[in-house]
Amino acid sequence: MMFGRLLLACVCLTPVDPVQATYRPVQVPEEAHFAETFDSDPLDRRWVQSKAVKETDAEALKYDGQWVVEEPAAAMYPGNRALVMKSSGRHHAIAAYLHTPFNFIRTPLCLQYEVRFGRDVECSGAYIKLLTQTHLLRLSQFSESTPYSVMFGPDKCGTSHRLHLIVRVTDSSNGRNQEIHAPQPVDDLTVYFTDRQPHLYTLQLYQDSRYEIFIDQSLISQGRLLTDEVQYTESSDSQPESPVSGLVVGSVAALGLELWSLSGEVMFDNFLLTDDLKLAERWTQDTWGQKQPGLLERLLIATNSRPWLWGVYIFTVGLPITLFISYMWPDKRFGPPDQDYYYKKSDEPQPDRQPDRDQPDRPTSLSDYGAVSREGARRRETQKVQRKSDLEVENE
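What you see is a predicted model, and the numbers here were worked out from it, not measured in a lab.

Draft legend 1. The overall build of the protein chain, seen in detail. A count of helices and strands for the protein chain gives six helices and 19 strands. Residues counted as buried form 39% of the 396 residues belonging to the protein chain. A sequence separation of at least 24 residues applies to 69% of the contacts in the protein chain between residues at least 6 apart. Summed over all atoms, the accessible surface of the protein chain reaches about 24200 Å², with 52% contributed by carbon and sulfur.

What follows is the structure, encoded as structure tokens:
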């Protein structure tokens, strides 16, 4: 078990935090309808902060929350900047036009971005809106009333941890608009709001109303929006008699964040909107992929929330290695055949050292020492008697 203890000590002394590495800038693909890394351009080059006023029953509220582009305070990859919603207790709104409008007709829609909650989240949204193309669209007046085609992303208030997917569709039979809300994932989403790590949110939406939602490239929800079980929110005067036959989503002209946060310090990075799933895979590897820890680091990070994994690691890794070493490591009794100690287990017991033929016999045990001592005493006594006899002969 000594090797197992050594393995455990090595693992315990391995740092959990990844080693700092310079972040490689990613080239924005021209084929994408929208892509943003925030690593080079200033915020005001393409992003427009809203100057709209949010009307409520009690008062008029400005979208005066602060947006900045900066590296996270605990950046492990120097050079990787992100968009940060800084202010606490404020309303925030910011948007940017797409490279090219997105018409959701025959191709899939893939929307993804990274989110990191930097503080303990009491109440904060981090969802994104794809703004519908209309002649009235003005990004400087972007607000909660601006029409959108898709809303997707995490949202937390109190003990509720949610992941929204809302699609505004048009009933092709009568032209009425409806909001379809996808069911909430069955998995517990708490860790994505509390571990203060960036997480990758991905939506893949298909024209036949199928959808797939991934967090950190793991599928957490899928289904069809147009079924008898979906929730409809009426956007027109009357409730439709039956679900629409296919997703008819309005053309998307811009991407925006319209949020309220009690805590602030919410980070957004690496936005992508495309209809090419292969391009999305390459983008994910170039951005999210280069920041992921190695296998050992991921195993160690997992123990932060699941300490019992230490037992699993020792049992599944340490124990087999210990048994293998114990079986294969050579014992001193089984050395080279030209050495004195080389013999098989089935052989008769042998003395540790063979006596030298040129030297007199030496005792090899306590009993032998006793026998030698008694023999020497007898010889000395015989010699005394012999010397006495010789003297008597001479005197006569």
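Draft legend 2. Spotlight on the confidence of the model for the protein chain. In this model, the protein chain carries an average pLDDT of 78, and 67% of its residues clear a pLDDT of 70 or more. Of the regions scoring below 50 in pLDDT, residues 1-19 engages in 21 contacts with residues more than four places distant in sequence or in other chains. Note on residues 236-244: pLDDT is under 50 here. Beyond four places in sequence and across chains, it has 18 contacts.

Draft legend 3. Summary view of the packing of aromatic side chains. This structure, assessed with the given rule, holds eleven aromatic pairs. Ring geometry for Tyr-113 against Tyr-201: centres 6.4 Å apart, planes inclined by 35°, an arrangement best described as tilted. Of this pair, Tyr-113 sits in strand β8 (residues 109-117) while Tyr-201 sits in strand β14 (residues 199-205), placing them 88 residues apart in sequence. Across this residue pair, the class does not change: Tyr-113 and Tyr-201 are buried. Among the aromatic side chains, those forming a connected cluster through ring pairs are Phe-34, Phe-38, Trp-47, Trp-67, Tyr-113, Phe-152, Tyr-201, Phe-268 and Phe-271. Looking at Arg-168, its charged tip hangs above the ring of Tyr-148, at a distance of 4.0 Å from the centre.

Draft legend 4. Expanded view of the side chain of Thr-37. Its location among the elements puts Thr-37 in the loop between β1 (34-36) and β2 (48-49). Given the relative accessible area of 5%, Thr-37 is considered buried. For Thr-37, the residues in contact, after removing those within four places along its chain, are Val-26, Arg-81, Asp-269, Asn-270 and Trp-283.

Draft legend 5. The state of the cysteines, seen in detail. In total, this model carries one disulfide according to the counting rule given. Each sulfur in the disulfide pair Cys-123 and Cys-157 lies 2.5 Å from the other. Its S-S torsion of about -100° marks the bond between Cys-123 and Cys-157 as left-handed, since a negative value means left-handed. Of this pair, Cys-123 sits in strand β9 (residues 123-125) while Cys-157 sits in strand β11 (residues 148-157), placing them 34 residues apart in sequence. On the basis of relative accessible area, Cys-123 is assigned to the buried category, the value being 16%.

Draft legend 6. Focus on the environment of His-164. Checked against the element boundaries, His-164 lands in strand β12 (residues 160-170). On a C-alpha basis, the gap between His-164 and Ala-126 in space is 9.9 Å, while along the polypeptide they are 38 residues apart. Only 3.0 Å separates the side chain of His-164 from the side chain of Asp-155, close enough to count as a polar contact.

Draft legend 7. Focus on the nonpolar core. Leu-205, Phe-268 and Phe-271 are the most contacted members of the largest nonpolar core, which has 66 residues in total. Apart from residues lying up to four places away in sequence, Phe-271 is in contact with Phe-34, Ala-35, Glu-36, Phe-38, Trp-47, Gln-112, Tyr-113, Ile-128, Leu-255, Leu-257 and Trp-283. Membership of the second largest hydrophobic core comes to ten residues, among which are Ala-35, Leu-272, Leu-279 and Ala-280.

Draft legend 8. View of the environment of Phe-142. Here Phe-142 is to be found in the loop between β10 (128-132) and β11. Residues Phe-142 and Ile-94 lie 48 residues apart in sequence; the distance between their C-alpha atoms is 7.4 Å.

Draft legend 9. Layout of the environment of Asp-155. Counting through the fold element by element, Asp-155 comes out in strand β11. Here Asp-155 is in contact with Ser-124, Gly-125, Tyr-127, Ser-160, His-161, Arg-162, His-164 and Phe-193, once residues within four sequence places are set aside.

Draft legend 10. Layout of helix α3 (residues 277-286). Buried within α3 are the following residues: Leu-279, Ala-280, Trp-283 and Thr-284. For α3, the arc enclosing every buried residue in end-on projection is 140°, short of the 170-degree limit, so these residues lie on one face. Along its buried surface, α3 packs onto β1, β8, β14 and β19 (266-274).

Draft legend 11. Main features of the pairing of strand β15 (residues 210-215). Among the six residues that make up β15, five are buried, leaving the element largely enclosed by the rest of the structure. The pairing of β14 with β15 spans five bridges and is antiparallel. Counterpart to Tyr-201 in the pairing with β15 is Ile-215. Counted between consecutive antiparallel strands, the loop separating β14 from β15 contains four residues, among which Ser-209 sits at a positive phi close to 85°.

Draft legend 12. Representation of the pattern of salt bridges. Inspection of the entire model under this criterion finds ten salt bridges. Note that Arg-90 is salt-bridged to Asp-64, the shortest N-O span being 3.4 Å. In this pair, Arg-90 sits in strand β7 (residues 90-102) while Asp-64 sits in the loop between β4 (60-62) and β5 (67-70), placing the two residues 26 residues apart along the sequence. Of the residues examined, Arg-90 reaches a relative accessible area of 38% and is grouped as partly exposed. We note a salt bridge from Arg-168 to Glu-179, for which the minimum N-O separation is 2.8 Å. In this pair, Arg-168 sits in strand β12 while Glu-179 sits in strand β13 (residues 177-181), placing the two residues eleven residues apart along the sequence. When its relative accessible area of 27% is taken as the criterion, Arg-168 is described as partly exposed.

Calculation rules
- Residues numbered from 1 in each chain as written.
- Predicted model: local features only at pLDDT ≥ 70, side-chain atom pairs only at ≥ 80, totals over all residues.
- Heavy atoms only, no water.
- Helix = DSSP H or I, 4+ residues; strand = E, 2+ residues; numbered from the N terminus.
- Buried < 20%, exposed > 50% of the residue type's maximum accessible area, 1.4 Å probe, protein only.
- Contact = heavy atoms within 4.5 Å.
- Areas by Shrake-Rupley, 256 points an atom, 1.4 Å probe, with all protein chains shown as cover.
- pLDDT = per-residue confidence, 0-100.
- Phe/Tyr/Trp six-rings, centres within 6.5 Å; stacked < 30°, edge-to-face > 60°.
- Lys NZ or Arg CZ within 6 Å of the ring centre and 35° of its normal.
- Disulfide = S-S within 2.5 Å.
- Polar contact = N/O pair within 3.5 Å; in protein donor to acceptor, adjacent residues only side chain to side chain.
- Core = buried A, V, L, I, M, F, W, Y, C linked by side-chain atoms within 4.5 Å.
- Arc of directions from axis to C-beta.
- Pairing = 2+ DSSP bridges.
- Salt bridge = Lys/Arg side-chain N within 4 Å of Asp/Glu carboxyl O.

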